[in-house]
Every structure is written in C-alpha cells, then in structure tokens.
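Remarks on the overall topology
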Amino acid sequence: MSFLELQDIGVTLGDTAVLNDISMHVAEGEFVSIVGPSGAGKSTIFRLLTGALQQNRGTITCNGRALDQTAQVFAFLPQRDALMPWLRILDNLTLGLEVQGVSKGAARARVLPLLADFGLVGFEGYYPAQLSGGMRQRAALLRTIIQARPMQLLDEPFGALDALTRMQMQKWFEDRWQAARWTTLLITHDVREAVALSDRIYVLSRRPARVIAEVIVPDPRPRLGHPATASAHALEAQLLGILLNQTGDDI
Ligand SMILES: Nc1ncnc2c1ncn2[C@@H]1O[C@H](COP(=O)(O)OP(=O)(O)OP(=O)(O)O)[C@@H](O)[C@H]1O
C-alpha cells in the first residue's frame, strides 16, 4: 500500500481549471519528483497536501486514511522565503519544532548535533542574509527535516542557487537522502536533478495539469559525482522532449 495516494484530484480556482484528474502515489521511503511546465499546478498539489487549499474533486489518503490536516504528516519546504530574515539561524532551525509545541531548549538539543552535517557550525548566530545561498538552503532543509514528520515536501529547494552551488547541494542532499531514506516528494524544473535524485518521476502537462508520463529511474545510487549513465541521459532527453511538447511561450 502506498503511503500517500492522490486519486482523480481536480482543482478549479475562480474560473481557472488548475488540476485535472491528477492521480499519483508515494510509497514509504520512496523519492518521487514532479516536473512540469511553469504554472502547470505543481505547487498547487503541495497546497492541497499542506491543507492550504481544498480540492474540488478526488481524494487524498495517507496510510489508507483520508488526509487529516491535523495529523502533521508533512514537513514542507516552500519555494520562497523559507527562512525568517529577522530570526538568527538557530532560531530559524528550531522554529518548526517550536510550532509543534517542542520547548526551545528541547528543540535546540535536537538541532545542535546536526549542524556539522549540514555545514552550519559557527553560523548559529547569523541572520539568513549573512549566509551564502547554499548555506541558507541547507538551513532550510535542516529546519524541514528536523521536524521528523513522516514525509518531506520540497518545492524547488535548489532552484534559486547558481549552477555550481546547485550541483554541490544536489550531491550533498543525495548523500543525506541515501543515509536517511526520507519519504520525499520533490518539485523541480530541472530534469537532470529529477533523474539524479528520484526513484520515480511524474510529468505534468501544462495547465490544467494532468499526469502525462510516469517514469521509473532504475539506476543504482549514488548517481551524482559519477558520469551519468547512458540510461540516465536517455531518460533526461525523454523528459525534456515531453516537457518541450507541453510548453508554449510561458516556459
Ligand atoms: N486564485 C487563483 N485564481 C486563478 N488561478 C490561479 C489562482 N492561484 C493560482 N492560479 C493559477 O494556478 C496555476 C498553477 O500555479 P502553481 O503555482 O501551482 O504552478 P507551478 O506549476 O507550481 O508553477 P511554477 O513552476 O512557476 O512554480 C498558475 O497558472 C496560476 O496562475
């Protein structure tokens, strides 16, 4: 049984049909990515999962039960403004736990041992604007992961980074994921990133989004830091071809 299951989800916002009969699933410990054209409706799926929006049609279940918005299934890394600029890094890191009701002291005790692995030792007292883009994203990822929720929702976590930092972060994240096997749903525009990190990839059409392809990535991990295999290149080309067929002028 899948951990998360979306069945025939339809969303209309105002007069705009955004999602059209979307069905997808994620198994426990699986890494699944969603790719699709700009404005297709990818983030809208996360808004449904986090309870910010209600679907017009279809069902979402988690472990076979209707998604209970109070069950705190998901740790969510939003696309923008992931860190509070007015809070020091350590306070940003503990924020998610404090919102769950964990005391500041207990939250710090959970965060501090992980700072080294996330490359943040010595930066606890800095404000987000004082860190590099890569460090800010590592902090945002740590704040998400430390919540120890059953599933991570990551919306373009590396999207704002320069190309070199993005590659370094992807490799770093692949290593962390391989060790921890967080159940993960990732939104990305980057097909290379999707192929490098995922077990499975859903491709959405342009709006109103429906699933137009589902591909399995068979390559063993770790994948990054090695030359990509011929099958990975072929998958990337296949995904790009599907996406380019979907995009008009709004890519
Ligand atoms: N309140 C609303 N009324 C009408 N349309 C809306 C509303 N909110 C969002 N939309 C539309 O829904 C579509 C889906 O938005 P969403 O942010 O989910 O796309 P996305 O695939 O995540 O985009 P991107 O890749 O650019 O981040 C967009 O085309 C947007 O214009």
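Residues numbered from 1 in each chain as written. Predicted model: local features only at pLDDT ≥ 70, side-chain atom pairs only at ≥ 80, totals over all residues.

Broken down by element type, the protein carries seven helices and 10 strands. Against the compact-globule benchmark of 18 Å for 251 residues, the protein has a radius of gyration of 18 Å, which places it among compact chains. Buried positions account for 35% of the 251 residues belonging to the protein. Taking the intrachain contacts of the protein between residues at least 6 apart in sequence as the baseline, contacts between residues at least 24 apart amount to 70%. (Helix = DSSP H or I, 4+ residues; strand = E, 2+ residues; numbered from the N terminus. Rg over C-alpha atoms; globule rule 2.2 N^0.38 Å. Buried ≥ 20, exposed ≤ 12 C-beta atoms within 10 Å, placed from the backbone. Contact = placed C-beta atoms within 7 Å.)

Here we come to the site of the ligand. Around the ligand, the surrounding shell holds 13 residues, and the nearest of these are Leu13, Gly39, Lys42, Ser43 and Thr44. Every element with two or more residues in the shell around the ligand is listed here: β2 (16-26) and α1 (42-49). Of the residues forming the shell around the ligand, the biggest block, three residues, is contributed by α1. Looking at the shell around the ligand residue by residue, the classes come out as three nonpolar, eight polar and two charged. (Near = placed C-beta within 6 Å. Nonpolar A, V, L, I, M, F, W, Y, C, P; charged D, E, K, R; others polar.)

Read across the open sheet, the six strands follow the order β6-β7-β8-β3-β9-β10; overall the sheet is mixed. Lying at the two open borders of the sheet, with one neighbouring strand each, are β6 (74-77) and β10 (211-216). Between one strand and the next, the sheet's axes are offset by a mean angle of 15°, whatever the strand orientation. As paired elements, strand β9 (residues 200-204) and β10 share five bridges and run antiparallel to each other. The residue bridging Ile201 from the neighbouring strand is Val215, located in β10. (Pairing = 2+ DSSP bridges. Axes fitted to C-alpha atoms, helices over the stretch in contact; angles between N-to-C directions.)

Right, let's talk about the environment of Gln147 for a bit. Counting through the fold element by element, Gln147 comes out in the loop between α4 (133-145) and β7 (151-155). Overall, the presence of 20 C-beta atoms within 10 Å leaves Gln147 in the buried class. Taking the C-alpha atoms as reference points, Gln147 and Thr94, separated by 53 residues in sequence, lie 8.9 Å from one another. With near-sequence residues (within four places) excluded, Gln147 lies in contact with Ala75, Gly96, Leu97 and Gln100.

It is worth spelling out α1 at this point. For α1, the buried fraction is high: six of the eight residues fall into the buried class. Among all positions in α1, only Lys42, Thr44, Ile45, Phe46, Leu48 and Leu49 are buried. Phi turns positive one or two residues past the end of α1, at Gly51, with a value near 85°.

Two elements in contact, helix α2 (residues 89-99) and helix α3 (residues 104-111), have axes separated by 9 Å at closest approach and are oriented at 115°. Viewed along their axes, α2 and α3 adopt a mutual orientation that is roughly perpendicular. Of the two possible hands of crossing, α2 and α3 adopt the one that is right-handed. On α3, the residues that touch Leu90, Leu93, Thr94, Leu97 and Glu98 of α2 are Lys104, Ala107, Arg108, Arg110 and Val111. (Parallel < 35°, antiparallel > 145°, perpendicular 65-115°, else oblique. Left-handed = near helix turned anticlockwise from the far one by under 90°.)

Let us look at the domain arrangement of the protein. Partitioning the protein into structural domains gives domain 1 (1-73 + 151-165 + 183-229) and domain 2 (84-149). Relative placement of domain 1 and domain 2: their C-alpha centres are 25 Å apart. Each side of the interface is counted separately: domain 1 has nine residues, and domain 2 has eight residues. Residues belonging to the side of domain 1 that touches domain 2 are distributed by class as follows: six nonpolar, three polar and no charged. (Domains from an automatic or database assignment.)

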